[in-house]
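Coordinate analysis (summary)
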Amino acid sequence: MQDDIIKLTAEVARVTDEKIELIDSITRQTHLLSLNARIEAARAGSSGNAFAVVASEMSGVAKDIGSASQQLRTAIAANIAVMGEIVGRFRGVRCQDLALNIIEIIDRNLYERSCDVRWWATDSAVVEAAEDPTEQRCRYASLRLATILRSYTVYLDLWIADANGRVVANGKPDKYNVAGRDVSQTSWFRDAMQTASGDDFAVSDIAPNGGLGGAAVASYATAIRRGGDSNGAVIGALGIFFDWAPQAKTVVKGVGLSEEEIGQSRVLILDGAGRVIAASDGVGLLNETYALDRSAGPRGHYRKNGKLIAYALTPGYETYKGLGWYGVIETV
């Protein structure tokens, strides 16, 4: 809608300039006719006096028309400028709201991931494999995780690690051979082992996972507790790895911009450090740091280098507080 208003404003300005220029042209011709009439009246002597009066009046009318034309041009230009500012603010707020929508969709999606990991960590097969990782228990746990993965296709894999940080089972052993892998130094494992209860979880920023072929994942984890009890002794950790790239791409590509806007816009998701973790143009993923001016607060918009930049900070969702990520729309 704002694009239609912008186009209409530009058309009004164009037509106004065109018509005022026509009026100015007629005024100049009237001045010239008046001047010629006064010259001819002077040549005619006393018999041209009456015509001279008419010529003088014509000159006065032309001046009045010229003055009115200039006042009209100034007034319309001022109003068009104000209209342009209003449209600009409207567009900025709209893009700001769209940026918020982007990050809210992500928040709600990742909130579900935090629920998944806390739920699955209480599964008896997961608990038993972590507590006493016999070959039979680990095989059964792997089958259970595979069943989950067939329904929850947003995950690349699910890993069970014992208290020492050794992976004892995963959901896709044929694709990811991680059994026996030492994950004790990974942030997701360490943070999971430090959770206070089964109601808590750990989440890590988007990063490549070597055990998953270097794919970028959002890692969610929580401690596995004896008996699946929320306050039971910690006996291991469950890590679940959200397949970030295709999900994020769907979000940044699906933002509610017009076809014209999409062609001249870049939609981004930034992590708390300003690193690009999703981009509608696929550029700079995980290696570009975006210089976002956040001085307006959690949400805002501004212009820079001829572009409109609109952004919104993650508000979190339910028990998921977010990681300080931002939705950003950059458009001309």
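So, here's what we can say about the structure. Remember, predicted model here, so these are calculated numbers, not experimental data. (Residues numbered from 1 in each chain as written. Predicted model: local features only at pLDDT ≥ 70, side-chain atom pairs only at ≥ 80, totals over all residues. Heavy atoms only, no water.)

**Considerations on the sheet that holds strand β3 (residues 202-209)**
Note the threshold: By the convention used here, strands pair only if DSSP detects at least 2 bridges between them. Numbered from the N terminus, helices here are DSSP runs of H or I no shorter than four residues, and strands are runs of E no shorter than two. Every axis corresponds to a line fitted to the C-alpha atoms, with the helix fit spanning only the stretch in contact, and the corresponding angles, defined between N-to-C directions, vary from 0 to 180 degrees.
In spatial order, the strands read β2-β1-β5-β4-β3; together these 5 strands make up an open sheet with antiparallel pairing. The sheet is open, and its two borders are formed by β2 (167-170) and β3, each paired with just one other strand. Between one strand axis and the next, the sheet turns through 25° on average, direction left out of account. Examined bridge by bridge, β3 and strand β4 (residues 215-225) share 6 bridges and lie antiparallel to one another. Each bridged residue has a counterpart across the sheet, and for Pro208 the counterpart in β4 is Ala216.

**Structural notes on the nonpolar core**
Definition in use: Remark: nonpolar core denotes a set of buried residues (Ala, Val, Leu, Ile, Met, Phe, Trp, Tyr, Cys) joined through side-chain atoms within 4.5 Å. Accessibility here uses a 1.4 Å probe with only protein chains present; expressed as a share of the type maximum, an area under 20% marks a residue as buried, one over 50% as exposed, and anything in between as partly exposed. Contacts are assigned to residue pairs that have any heavy atoms within 4.5 Å of one another.
With 52 residues, the main nonpolar core has Ile160, Ile224, Trp244, Ile269 and Trp325 as its most contacted residues. A total of 11 residues in this core trace back to one element, the largest contributor, which is helix α2 (residues 49-120). Ignoring anything within four residues of it in the chain, the contact list for Ile160 reads Val126, Ala129, Ala130, Ala141, Leu145, Arg166, Val167, Val168, Ala169, Ile224, Ala237 and Leu238. Counting 15 residues, the second largest nonpolar core, distinct from the first, contains Leu156, Ala161, Val178 and Phe241.

**Re unusual backbone geometry**
Note on backbone geometry: most residues besides glycine have negative phi, and most peptide bonds are trans. The phi dihedral of Leu286 falls on the positive side, at around 65°, and the residue is not glycine. Residue position: Leu286 is located in the loop between β7 (276-279) and β8 (299-304). You will see that Asn305, though not glycine, has its phi angle at about 50°, which is positive. For Asn305, the location among the structural elements is in the loop between β8 and β9 (307-313). With a relative accessible area of 73%, Asn305 lands in the exposed category.

Purely spatial values, then, with no claim about function.
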